[in-house]
Amino acid sequence: MHRSRLVGIVIDCKTEDFDTATRFWSQALGRPIGPKDPESPHYADLKMEPDEPLVLVQKVDHPSRVHLDIETDDIEAEVKRLEALGAKRVEFIKRWWVMEAPTGQRFCVVRPQRDGKLGPHANEWGNTSP
């Protein structure tokens, strides 16, 4: 048994001026930019309310796009569940899997993002079937 849920929206920006891109999305969404982590200069969090999905702006080398993050308390079980639905593994990065839906959209399966907790609205799954 494991749990998962949509946790965030990631805005991938292929740009040389990441600060300008981050300011644009901050202003467009009406959310301030969170504190910068000097160890992760290619990432910027926007300050979201606790009941809203997280929004992350990241600098990338691939074409700009938006992707979703699914958080889970068991990454391998969630990846296997999604594979059973037709998704495929693309790449393991640091602590998460980049996946591709059968229709081509990329998304990530990540560990819990808010204080290590999934929250009250996570789906509960048994084995690898929905």
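Predicted model, so just to flag it, every value in this text is computed and none were measured. (Residues numbered from 1 in each chain as written. Predicted model: local features only at pLDDT ≥ 70, side-chain atom pairs only at ≥ 80, totals over all residues. Heavy atoms only, no water.)

Attention now goes to the state of the cysteines. Following the criterion strictly, the structure yields 0 disulfides and no others. Cys-13 forms no disulfide, and the closest cysteine sulfur to it belongs to Cys-108, at a distance of 15 Å. Residue Cys-108 is classed as buried on the basis of its relative accessible area, which comes to 6%. (Disulfide = S-S within 2.5 Å. Buried < 20%, exposed > 50% of the residue type's maximum accessible area, 1.4 Å probe, protein only.)

As a further point, take the layout of surface pockets. If you add up the space inside the largest pocket, you get close to 1100 Å³. Taken together, 42 residues make up the lining of the largest pocket; nearest its centre are Tyr-43, Leu-56, Gln-58, Asp-69 and Trp-96. Of all the secondary-structure elements, those providing two or more residues to the lining of the largest pocket are strand S1 (2–13), strand S2 (43–46), strand S3 (54–59), strand S4 (65–72), strand S5 (88–93), strand S6 (96–100) and strand S7 (106–110). Looking at the lining of the largest pocket residue by residue, the class counts come to 20 nonpolar, 7 polar and 15 charged. (1 Å grid on protein atoms, 1.4 Å probe; cavity = no way out; pocket = protein on both sides within 12 Å on 5 of 7 lines; lining within 4 Å. Points joined across faces, edges and corners; volume = space filled by probe spheres on them. Helix = DSSP H or I, 4+ residues; strand = E, 2+ residues; numbered from the N terminus. Nonpolar A, V, L, I, M, F, W, Y, C, P; charged D, E, K, R; others polar.)

Further remarks concern the pairing of S5. Both S5 and S6 contribute to a ladder of 5 bridges, which runs antiparallel. The residue of S6 that forms the bridge with Ile-93 is Trp-96. Where S5 hands over to S6, the hairpin turn is made up of 2 residues, of which Lys-94 adopts a positive phi near 55°. (Pairing = 2+ DSSP bridges.)

Bringing the packing of aromatic side chains into the picture now. Scanning the model with the defined rule gives 2 aromatic pairs in all. Taken together, a centroid distance of 5.0 Å and an interplanar angle of 85° make the contact between Phe-24 and Trp-25 edge-to-face. With relative accessibility at 27%, the residue Trp-25 sits in the partly exposed group. With centroids separated by 5.4 Å and ring planes inclined at 65°, the aromatic side chains of Phe-92 and Trp-97 adopt a geometry described as edge-to-face. A residue is classified by how much of its surface remains accessible, and Phe-92, at 44% relative accessible area, is partly exposed. Residue classification places Trp-97 among the buried residues on the basis of a relative accessible area of 17%. The lysine or arginine in question, Arg-81, covers the ring of Trp-125, its NZ or CZ lying 3.6 Å from the ring centre. Looking at Arg-89, its charged tip hangs above the ring of Trp-97, at a distance of 4.9 Å from the centre. (Phe/Tyr/Trp six-rings, centres within 6.5 Å; stacked < 30°, edge-to-face > 60°. Lys NZ or Arg CZ within 6 Å of the ring centre and 35° of its normal.)

A few words now on the pairing of S3. Sheet analysis places S1 next to S3, joined by 6 bridges and oriented parallel. Across the sheet, the residue bridging to Cys-13 is Lys-59, located in S3. Bridging between S2 and S3 involves 4 bridges; their strand directions are antiparallel. Opposite Tyr-43, over in S3, you have Gln-58 as the bridge partner.

Okay, the UniProt feature "domain: Glyoxalase-like" (unreviewed entry) in the protein next. Residues annotated in UniProt with the feature "domain: Glyoxalase-like" (unreviewed entry) correspond here to residues 9–110. From the first C-alpha to the last, residues 9–110 spans 12 Å; its make-up is 22% helix and 38% strand. (UniProt positions renumbered as here; feature names shortened; annotations may be inferred.)

Here the focus is the side chain of Gln-58. Position of Gln-58 among the secondary structure elements: in strand S3. A polar atom in the side chain of Gln-58 sits 2.6 Å from the side chain of Asp-12. Not counting the four nearest positions on each side in its chain, Gln-58 is found in contact with Val-10, Ile-11, Asp-12, Cys-13, Phe-18, His-42, Tyr-43 and His-67. (Polar contact = N/O pair within 3.5 Å; in protein donor to acceptor, adjacent residues only side chain to side chain. Contact = heavy atoms within 4.5 Å.)

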